[in-house]
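Examination of the molecular architecture
One letter stands for each residue in the lines below.
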Amino acid sequence: MITRRALTLGAGIIASATALDAQFGRGERSRGGGRLPVPELINASQLGNVVKLRAAPGRHEFYKGKPARTFGYSAPILGPVLRFRRGDRVQMIVENALDTPTTVHWHGLLVPGDCDGGPQQVIGPGDTWHPTLGIDQPATTLWYHPHPHHETARQVYLGLAGLIIIDDGSSLGLPQEFGVDDLPIIIQDRSFGSDGSLDYDTSELSTIYGLRGDTIIVNGVIAPVARVPAGWVRLRLLNGANAQNFELRFRDQRTFYAIGSDGGFLAQPVAMKVLRISPAERFEVLVDFSDRKAVVLETGPDRVMGIFGQISDFDSDQYVPVMRFEPIARAAAVTRLPQQLAEPAAVNAKDAVQRRQFVLNNGVCGQKMRMSGQSDMPALIGINGRTHDPNRIDVETRLGTTEIWEIVSVGMPHPFHVHGAMFRALSLDGAPPPAHLAGWKDTVLVEDKAELVVRFTQPATREHPFMYHCHILEHEDAGMMGQYTCA
Ligand code: C2O
Ligand code: CU
Ligand code: CU
């Protein structure tokens, strides 16, 4: 039966604006918020390109005095920001101090399948994994997170995720003082028990629609405040949620500028008022705080979920706070918006050697039929009618080629992600992509249908294939994932 709670999950409704507004700046006493925490920056090159990461259980107070059990990388929750320089080879030493198997996947990093950290590269409890990462891609923001099959959603939910910054030497006149005018912003949603614990609900409905929380956290805390210089500030936004799409805007509706997407810079800054960001997507944006006015960044209801009649009750226009920015008198390093960024490498759809179709289904159609007694068809969550099978290679690609992948969403919009490759959107729902979605990407929200030109530059064998999957983590864990080789 579809319950009201389920409808709320589907609609992605989050706690009311007034309740959360009251929390800003009083976080230390009330809900554990306060200043925006900036994760530690690890500059790999300053460490001789040897970097240790330790996945371990931790304790973290989302609510003051109510510690929650969490997982983190070398921290109680989340992990350090890893800065890699293009051209370097980085030796990672990844220790699993959890009591459960894990893997670490470098999402968006273009490295061969045998160091990608997919579900086959299990690190047992107490074990250590030593991949060497050859860094060779344009400047951008990536991230890392666990990828053990059937367990990714829970491990990410408990706190395992961190950002990666790729530095290629170009500065383009952009703000780049980490933690000052260049801020990592990891946005997630969570639900809490009354004792402040993280509540990972694994009901059938959260499998079908993906798990959505009722409280937003940024860098692991509720409703934080960032003090920023009164000038242009660069936000490296990551949607680290399991399933929720965020619809970000500033409360005063100020214009901000998208400057980069998953795979690198856009050609020019793109003026925006609202930015939808789906799970695993990244956008770098520039915001001007030279008016010295404090402003709230807020998110609206998950509109793409609102297209289902069953959730129309909750189709409200209410936006809720994500965090607040307070400009301070400190002189800003960057006082003007660059006009030109970096032209993304061209790709020609005519060069594509293959066209393939992938139909993503969350099983909701089968489910509805089953509920109404019209069918005993199983609710199959998968791609092209098949759930993930680690022993099956679904697609074989050729190194150095491009292909057109047509992605079709059934049941609801799915954020589609490919490992080991970047793509350009040729069309989204039959139209050319809007400017901020026209650059190189590794994840895109497919409402109905997308045509992607995928460029394969990294090898992957049958033993260590690349994954492609829906980045709603409950969908991925339930088998909405396939694997491909590249040779
Ligand atoms: Cu974010 Cu399969 O990855
Ligand atoms: Cu990935
Ligand atoms: Cu999905």
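One can find the structure itself at the top, above this paragraph.
Once a new chain begins, its residue numbering starts again from 1 and follows that chain's sequence as written. Note on labels: chains are lettered from A, ligands numbered from 1, in written order. Only residues with pLDDT of at least 70 are given local features in this predicted model, and only at 80 or more are side-chain atom pairs given and counted; all residues enter the totals for whole chains, interfaces and linings. In computing side-chain values, all of the structure's heavy atoms are included and hydrogens and water are not.

It is worth spelling out the sheet that holds strand 28 (residues 414-418) at this point. Only strands joined by at least two bridges in the DSSP assignment are considered to pair. Secondary structure counts use DSSP, requiring at least four H or I residues in a row for a helix and at least two E residues in a row for a strand, with both numbered from the N terminus. In spatial order, the strands read 26-33-32-28-30; together these 5 strands make up an open sheet with mixed pairing. The open sheet has two free edges, formed respectively by strand 26 (395-397) and strand 30 (443-446), since each of these has just one partner strand. Recorded for the sheet is a direction-independent mean angle of 25° between the axes of neighbouring strands. As paired strands, strand 28 and strand 30 are joined by 4 bridges and run antiparallel to one another. Each residue of the ladder has a partner; that of His-417, found in strand 30, is Thr-443. Angular values range over 0 to 180 degrees, each being the angle between N-to-C directions of two axes fitted as lines to C-alpha atoms, with helices fitted over their stretch in contact.

What follows concerns the coordination of the copper ion (ligand 3). Listed donors are limited to N, O and S atoms within 2.8 Å of the metal, widened to 3.2 Å for Na, K and Ca; water is not among them, so incomplete-looking sites are possible. Around the copper ion (ligand 3), the donor atoms from the protein are His-414 (ND1), Cys-470 (SG) and His-475 (ND1), and they sit 2.0 to 2.2 Å away. Given a relative accessible area of 0%, His-475 falls into the buried group. Type-normalised accessible area, obtained with a 1.4 Å probe on protein chains alone, sets the label of each residue: buried when under 20%, exposed when over 50%, and partly exposed for intermediate values.

Taken together, His-105 (NE2) and His-417 (NE2) make up the protein donors of the copper ion (ligand 2), found 1.9 to 2.0 Å from the metal. Of this pair, His-105 sits in strand 7 (residues 105-107) while His-417 sits in strand 28, and the two are 312 residues apart along the sequence. Overall, His-105 belongs to the buried group, its relative accessible area being 0%.

Okay, the sheet that holds strand 29 (residues 421-428) next. One open sheet accounts for 5 strands, arranged 25-24-27-31-29; its pairing is mixed. Single-partner strands in this sheet number two, and they are strand 25 (382-383) and strand 29.

Another point: the environment of Ile-222. Relative to the helices and strands, Ile-222 resides in strand 14 (residues 221-222). Along the backbone, Ile-222 and Arg-35 are 187 residues apart, and their C-alpha atoms lie at a distance of 9.9 Å.

By the secondary structure assignment, Ala-161 is in the loop between helix 3 (152-157) and strand 11 (162-167). Looking at Ala-161, the relative accessible area reads 0%, which means it is buried.

The next subject is the nonpolar core. Working definition of a nonpolar core: buried Ala, Val, Leu, Ile, Met, Phe, Trp, Tyr and Cys residues. They are joined through side-chain atoms within 4.5 Å. In this structure, Leu-235, Phe-325, Trp-405 and Tyr-484 are the most contacted members of the largest nonpolar core, which totals 66 residues. Start and end points for every domain follow an automatic or database-based domain assignment. For this core, the two domains that each supply at least three residues are domain 2 (173-331) and domain 3 (349-486). Leu-82, Leu-142, Tyr-157 and Leu-163 belong to the second largest nonpolar core, which has 52 residues in total.

All quantities given are derived from atomic positions and should not be read as evidence of function.
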